[in-house]
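Here is how the chains run, residue by residue.
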Amino acid sequence: MLHALPPSYRRRALTQVEALIAEAEKGSARHPAETGKAKAQDRLRRERRRLALLRRSREFLLSDEFPAVKARRRH
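Parameters and conventions
Residues numbered from 1 in each chain as written. Predicted model: local features only at pLDDT ≥ 70, side-chain atom pairs only at ≥ 80, totals over all residues. Heavy atoms only, no water. Helix = DSSP H or I, 4+ residues; strand = E, 2+ residues; numbered from the N terminus. Buried < 20%, exposed > 50% of the residue type's maximum accessible area, 1.4 Å probe, protein only. Contact = heavy atoms within 4.5 Å. Areas by Shrake-Rupley, 256 points an atom, 1.4 Å probe, with all protein chains shown as cover. Expected span 1.5 Å × (residues − 1). Core = buried A, V, L, I, M, F, W, Y, C linked by side-chain atoms within 4.5 Å. Salt bridge = Lys/Arg side-chain N within 4 Å of Asp/Glu carboxyl O.

Peer 1: Tell me about the overall build of the protein, and please be specific about residues and values.
Peer 2: A tally of regular secondary structure across the protein gives two helices and two strands. Listing every helix and strand of the protein by position from the N terminus yields β-α-α-β. The buried share of the protein, reckoned over its 75 residues, is 16%. Partitioning the intrachain contacts of the protein with sequence separation of at least 6 by distance along the chain shows that 76% fall at a separation of at least 24. Carbon and sulfur atoms make up 53% of the accessible area of the protein, which totals about 6,700 Å².

Peer 1: Now, about helix α1 (residues 7–30): what can you tell me, with residues and values included?
Peer 2: Between the first and last C-alpha of α1 there are 35 Å, a value that for 24 residues agrees with the 34 Å anticipated at 1.5 Å per step. Against α2 (38–62) lie the buried residues of α1.

Peer 1: An account of the nonpolar core is requested, with residue identities and associated values reported.
Peer 2: Grouped together as the largest cluster of nonpolar side chains are eight residues: A13, L14, V17, I21, A24, L51, L54 and L61. Counting only elements with at least two residues in this core, the list comes to α1 and α2.

Peer 1: I'd like a description of the pattern of salt bridges, backed by residues and values.
Peer 2: Taken as a whole and judged by the stated rule, the model has four salt bridges. As a salt-bridge pair, R45 and D42 come within 3.8 Å of each other at their nearest N and O atoms. With a gap of three residues between them, R45 and D42 both fall in helix α2, about one helical turn apart. Here the residues in one salt-bridge network are D42, R45 and R46, joined through shared partners.

Peer 1: A description of α2 should follow, citing residues and the corresponding values.
Peer 2: An α-helical segment advances 3.6 residues per turn. Residues three or four places apart therefore align on the same side. The terminal C-alpha atoms of α2 lie 36 Å apart, and with 25 residues this matches the ideal 36 Å at 1.5 Å per residue to within 8%. Those residues of α2 that fall on the buried side of the exposure criterion are L44, L51, L54 and L61. Where α2 is buried, its residues contact α1.

Keep in mind that these numbers describe shape and distance, not what the molecule does.
Next comes the structure, spelled out in C-alpha cells:
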C-alpha cells in the first residue's frame, strides 16, 4: 500500500499553506469589514472563503487522517 502523502511532501505543503494563510490574512486585514459596495463585499466574501479553505488544508496536513491508497494496475 502506498500512502497518499509522504512526510517530505507534507512538510513542504504545510510550509506553502502557512505562507498563503499569512498572505491571505494580511490581505483581508487591509479591507474594511463594513464596506457598502456590492463588489467590495463580494471580494471580501471570497477572501474569507479562501482563508477558511487554507485553514482546513492546514488542519488536514497536520492530522494523521491520510487515507491509504492502493496502487492501480494499468492494462
